[in-house]
Structure formats: C-alpha cells, structure tokens
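Residues per chain are reported as follows:
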Amino acid sequence: MNDEVAATLLDSREFERLMAPFAPFEARPELAVAVSGGRDSLCLALLADQWARERDGRAIAFIVDHGLRAEAAREAQATCELLAGRGIESHVLQWMGAKPATGVQQAAREARYRLLRDACRQRGILHLLVAHQADDQAETVAMRAVRRSGADGLAGMASLLEWSDVRLLRPLLGVPRSRLSATLRALDIAWIDDPSNVDPRFERARLRAAGVAPLD
C-alpha cells in the first residue's frame, strides 16, 4: 500500500481521536452500533469494536430489518455472518406490523431509533453509535435549506444527543464517505448498497443525483 492510499484510510488511532470528545466512558465500555450492512456502518462497527476491545469492553451491532424489501432479511443475515467472522456480536431488530402507504422513510427512521433505543435499554448499554458522516451532513444541510430551516436547522446534525436512556454518538460526522470506502476496500470487505440510496422517489437520492454529495 503506497503512502497516498494509506493516508486516505481511517485507522484506530484517528478513530480514538474522534471518540475523545464524547468522554468520559465507563470502565470496560459497551457500545451499541447501528449497522445496516452499508459501507459507513460496517466501517464504524469495525472501528468501534477495536476501540472498545482496547479498553476491555465490547461493541454490539444492532441491525434493523424494516421489512420493506424482500431481500432485507437475507441481507441482515449476511451482515450478521460478516460481523461474526470479525468476532462482533450482532442482533437483528425487526420492525413488525403494518407499514404506512406514505411517509415511509420518516416512519422507518422513527421505528429504527425506537428499536435501537429499546435494545440498548434492555441491555443496559449507554452509548449508541450511528454512522452519519460528512456527506450525510452536507445532504442534511441542503435538505433543510430547501425547506428554509432556521439557523439551528442549517447547523446540521449534532455529533452528540443526550437522551434519558442512552447517548447517541456520531463520531464520523467529519469524515467523508470516500475514506470509509477506502478503509473497507483495504480490508477486502464488501458492503451492501441500499437501493433506496438511488431511488428518485426519495429526497436524499435526488440530492445525490444532483451532485450534492458523492455516492463514493
């Protein structure tokens, strides 16, 4: 690996610096990581697992199956198997019941966070990591600008949210997707691309097609 390629990778030492602003953590920290099987969350799970192991703790991956696509259950199982091969415990959380005819993405987002928070609370986990990164942040600001959000909205996503039962951490907000892709390629790890990322029915997909944030 040449020096230029190595410089694009996100390694454990840099991830340690990205986690530092969220301190303090408990001794032997347990981290929950929301994993979809996509590049961002897979990279986060691997980095969080190493970070936790270095502190005699562990990371647990939670994979939400929204039940919106026939392939979702198979993809969730494949992601579990990939993580198990890396020694990372994982659990699939299923969104049960009828799904709305409209506003599907918003409803799915609300269900995802509800399931993740419930899973953390049941296991006594205090820290939930999600893989929003710099390109996601750019998309969020662009979407809020279109809606004429105020100054708070245009500030983008917060890196830390303190809920009553769990802390939501976004350590990758300053990291572009291209670096996460390069890191997984260096580890020879394949990821799953969610087709909704390029589905023009959804606002984020339209922004990506317009070049607001790169797909890779």
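Presented here is a report on the structure given in the accompanying data block.

What counts, and at which threshold
- Residues numbered from 1 in each chain as written.
- Predicted model: local features only at pLDDT ≥ 70, side-chain atom pairs only at ≥ 80, totals over all residues.
- Heavy atoms only, no water.
- Helix = DSSP H or I, 4+ residues; strand = E, 2+ residues; numbered from the N terminus.
- Areas by Shrake-Rupley, 256 points an atom, 1.4 Å probe, with all protein chains shown as cover.
- Polar contact = N/O pair within 3.5 Å; in protein donor to acceptor, adjacent residues only side chain to side chain.
- Axes fitted to C-alpha atoms, helices over the stretch in contact; angles between N-to-C directions.
- Parallel < 35°, antiparallel > 145°, perpendicular 65-115°, else oblique.
- Contact = heavy atoms within 4.5 Å.
- Nonpolar A, V, L, I, M, F, W, Y, C, P; charged D, E, K, R; others polar.
- Salt bridge = Lys/Arg side-chain N within 4 Å of Asp/Glu carboxyl O.
- Buried < 20%, exposed > 50% of the residue type's maximum accessible area, 1.4 Å probe, protein only.
- Core = buried A, V, L, I, M, F, W, Y, C linked by side-chain atoms within 4.5 Å.
- Expected span 1.5 Å × (residues − 1).
- Arc of directions from axis to C-beta.

Things to note about the overall build of the protein chain
A count of helical and extended segments in the protein chain gives nine helices and six strands. Split by element, the accessible area of the protein chain, about 11300 Å² in all, is 52% carbon and sulfur.

Observations regarding the side chain of Arg 177
Within the secondary structure, Arg 177 is located in helix 8 (residues 177-186). One polar contact links Arg 177 to Asp 136, side chain to side chain, over a distance of 3.3 Å.

Digging into the packing of helix 2 (residues 12-19) against helix 3 (residues 39-53)
As a packed pair, helix 2 and helix 3 sit with axes 10 Å apart at the nearest point and diverge in direction by 85°. Here helix 2 is positioned roughly perpendicular relative to helix 3, judged by the angle of their axes. Note on element contacts: helix 3 touches helix 2 through Leu 44, Leu 47, Ala 48, Gln 50 and Trp 51, opposite Ser 12, Phe 15, Glu 16 and Met 19. Class assignment of the residues belonging to the contact of helix 2 with helix 3 gives a composition of six nonpolar, two polar and one charged.

With respect to the pattern of salt bridges
The full count for this structure, using the stated rule, is 18 salt bridges. Its salt-bridge partner being Asp 193, residue Arg 39 comes within 3.3 Å of it at the nearest N-O pair. One end of the pair, Arg 39, is in helix 3; the other, Asp 193, is in the loop between helix 8 and helix 9 (203-209), and 154 residues separate them in sequence. Under the relative-accessibility criterion, Asp 193 is labelled partly exposed at 48%. When the shortest N-O distance is used, the salt bridge between Asp 49 and Arg 53 registers 2.8 Å. With a gap of four residues between them, Asp 49 and Arg 53 both fall in helix 3, about one helical turn apart. Linked by salt bridges that have partners in common, Arg 13, Glu 16, Glu 54 and Arg 55 make up one network.

Regarding the environment of Gly 174
Here Gly 174 lies in the loop between strand 6 (167-169) and helix 8. Note: C-alpha distance between Gly 174 and Asp 136 (38 residues apart in sequence) is 9.9 Å.

A look at the nonpolar core
Counting residues in each nonpolar core, the largest one holds 32 residues, and the members touching the most others are Phe 15 and Leu 129. Those elements giving two or more residues to this core turn out to be helix 2, strand 1 (30-34), helix 3, strand 2 (58-65), helix 4 (72-85) and helix 8. Top contributing element to this core by residue count: helix 3, with nine residues. Residues in contact with Leu 129, not counting those within four places in the same chain, are Phe 15, Met 19, Leu 31, Ala 32, Val 33, Ala 34, Leu 44, Ala 48, Leu 169 and Pro 171.

What about the environment of Gly 57?
With respect to the secondary-structure elements, Gly 57 resides in the loop between helix 3 and strand 2. Leave out the neighbours within four places in its chain, and Gly 57 touches Arg 28, Pro 29 and Ala 52.

A word on helix 8
The buried fraction of helix 8 is high, at seven of ten residues. Taken together, the buried positions of helix 8 are occupied by Arg 177, Arg 179, Leu 180, Ser 181, Ala 182, Thr 183 and Leu 184. With its phi angle positive at about 60°, Asp 188 sits one or two positions after the end of helix 8.

Regarding helix 4
The terminal C-alpha atoms of helix 4 lie 20 Å apart, and with 14 residues this matches the ideal 20 Å at 1.5 Å per residue to within 8%. Where helix 4 is concerned, the buried positions are Ala 72, Glu 75, Ala 76, Thr 79, Cys 80 and Leu 83. Burial along helix 4 is one-sided: seen end-on, the buried residues are contained in an arc of 145°. Turned more than 90 degrees off the buried face of helix 4, the exposed positions are Arg 74, Glu 81, Ala 84 and Gly 85. Looking at the buried positions of helix 4, the neighbouring elements they touch are helix 3, strand 2 and strand 3 (89-94). With its phi angle positive at about 75°, Gly 87 sits one or two positions after the end of helix 4.

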